[in-house]
Amino acid sequence: MSVSPVEQWLGARAGEIRGRLIPGQLLASVTWFRVGGPAELMFQPQDADDLALFFQLLPAEVPVTVVGLGSNLLVRDGGIDGVVIRLPMKGFGQVSHLGGTRLLAGASVPDKKLAEFAAKHAIAGFSFLTGIPGALGGALRMNAGAHGGELKDLVRKVFAVNRQGVQLELSLEDMGYAYRHSSAGADLIFTGAELEGTAGDEDDIRAQMAEVVAHREKAQPIREKTGGSTFKNPEGTSAWKVVDAAGCRGFCVGGAKMSDLHCNFMLNTGDASAHDLETLGESVRAKALAATGIKLEWEIKRLGKFVDAPIEPFLGKES
Ligand SMILES: Cc1cc2nc3c(=O)[nH]c(=O)nc-3n(C[C@H](O)[C@H](O)[C@H](O)COP(=O)(O)OP(=O)(O)OC[C@H]3O[C@@H](n4cnc5c(N)ncnc54)[C@H](O)[C@@H]3O)c2cc1C
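Procedures and definitions
Residues numbered from 1 in each chain as written. Predicted model: local features only at pLDDT ≥ 70, side-chain atom pairs only at ≥ 80, totals over all residues. Heavy atoms only, no water. Salt bridge = Lys/Arg side-chain N within 4 Å of Asp/Glu carboxyl O. Helix = DSSP H or I, 4+ residues; strand = E, 2+ residues; numbered from the N terminus. Buried < 20%, exposed > 50% of the residue type's maximum accessible area, 1.4 Å probe, protein only. Domains from an automatic or database assignment. Buried area = accessible area lost by both parts, 1.4 Å probe.

K.L.:
Pulling in residues and values, what's your account of the pattern of salt bridges?
P.N.:
In this structure the tally under the stated criterion is 21 salt bridges. For Arg-180, the salt bridge is made with Glu-150, and the minimal N-O distance between the two is 3.9 Å. With a gap of 30 residues between them, Arg-180 in the loop between strand 13 (177-178) and strand 14 (181-182) and Glu-150 in strand 10 (residues 149-150) connect regions that are remote in the sequence. The pair Arg-180 / Glu-150 is uniform in exposure class, with both members buried. Two residues, Glu-299 and Arg-180, come together in a salt bridge whose shortest N-O distance is 3.9 Å. Remark: Arg-180 occurs in the loop between strand 13 and strand 14 and Glu-299 occurs in the loop between helix 8 (274-292) and strand 21 (301-303); sequence separation between them is 119 residues. Accessibility classification places Glu-299 together with Arg-180 in one group, the buried group. Shared partners join several salt bridges into a network, and the residues in it are Arg-102, Arg-156, Lys-157, Glu-169, Glu-194 and Glu-196.

Printed below as a string of C-alpha cells:
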C-alpha cells in the first residue's frame with residue numbers, strides 16, 4: 001500500500017497541523033494560464049504559527065515551493081515535487097489601517113483590494129496595484145510594478161517564515177529589491193507586510209485608478225489565460241519591441257500564442273499545455289536573439305517537472 005506524503009513526512013504529528021493538507025492538488029486550478037500538473041502535497045496554513053510549526057516538522061530534504069494567485073507562474077505539466085504552500089485568504093487576507101499613511105496587510109490580500117483600501121483612507125502611492133492581478137506575497141517577491149510605481153516604494157517591513165520554521169521581520173534593505181526581483185532568501189515565505197504611502201486626496205486617487213484600469217482594458221489581454229509580461233524589459237528598450245522586431249507577434253506553438261494585442265503576453269488559447277507555452281517562450285527568445293542580438297530574460301517564473309522531453313525551441317512558421 002502506498003504511503004501518503006502526509007504520513008511519510010509528518011507521521012504521527014500531522015494532527016498538530018491546523019491548516020489544510022491536500023495530496024495531489026492539481027495546480028492548473030490555481031494558475032492564470034490554467035496549466036500545470038499536481039503538487040505532491042499542498043499545504044494551506046491557518047496562520048503564521050501553523051506554517052512555522054509545519055516547517056519544524058517537515059524533514060529538511062523535502063522541497064518547498066510557494067505560490068500566490070498564480071498570475072506570474074508557468075507550472076510544468078509534471079507538477080511539483082514536495083510541498084506547495086498556498087496562503088489562504090482566511091488567516092492571511094486581512095488589511096488594516098495603522099494610522100497616518102501606514103497599512104498592515106496579509107500576504108493573500110489581492111493587490112486590487114490593497115489599492116482600494118488605500119484609496120478609501122486617502123493614501124496615495126498604491127494606485128498602480130489596481131491593475132496587477134496577484135496578491136501581496138507575489139508582489140513582494142516580484143517587486144511588482146507598473147505606471148512608474150513598484151512595491152519597493154511602499155514596503156517598510158515584511159513578515160516571513162523561513163524553512164526552519166522561524167518567524168522573521170525583514171527591513172526594506174533586507175528585501176534586496178531590483179527590477180522585478182528581490183534577493184531576500186529564496187526559502188522565505190512572506191506572510192504579510194507593513195506598507196506606507198503618502199497623504200493624498202481620495203477623488204484624485206480614484207481618478208488615477210480609473211486611468212490604470214482604462215489603460216489595461218485597451219492595451220492588455222486581461223481576460224485571457226495569460227501570465228502577464230513574459231519577458232523582463234531589457235536595458236534601454238521594451239521587451240514587446242524586441243518580440244515584435246523578431247516577427248513573433250501572434251506566433252503560435254500548439255495552443256500557445258504571443259498575443260496580437262500585447263506581444264509580450266503569452267496566451268493559452270484553449271488547450272495549450274505548459275510544454276507548449278514554455279516552447280513558445282524559448283522559441284521567441286531564440287528568434288529574438290537571432291533578429292536583434294538581445295537575450296530576453298523570463299519574467300514569468302517557471303516551476304516543476306517536465307512530463308515529456310525538456311524544451312526544444314521551435315523556429316518554424318505557425319504550427
Ligand atoms: C493580466 C496580467 C497583468 C499583469 N500585469 C503586471 C504588471 O503590470 N506589473 C507586474 O509587476 N506584474 C504584472 N503581472 C504579473 C503578476 O500579476 C505579478 O507578478 C504578481 O505580483 C504576482 O502575484 P501572484 O500572487 O499571482 O504570485 P504568483 O504568480 O503565484 O507567484 C509569483 C512569484 O512569487 C512567489 N510568491 C508568491 N507568494 C509568495 C509568498 N507569500 N512568499 C514568497 N514568495 C511568494 C512565487 O513563488 C513566485 O516566484 C500581470 C499578470 C497578468 C496575468
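K.L.:
Tell me about the domain arrangement of the protein chain, and please be specific about residues and values.
P.N.:
Interface extent is often summarised as the accessible area lost during association of the parts. Looking at the assigned domains, one finds that the protein chain contains domain 1 (5-86), domain 2 (92-205) and domain 3 (222-303). For domain 1 versus domain 3, the separation of C-alpha centres amounts to 29 Å. A combined buried area of about 1500 Å² lies between domain 1 and domain 3, and 59% of that area is made up of carbon and sulfur atoms. Counting across the interface, domain 1 meets domain 3 through one salt bridge.

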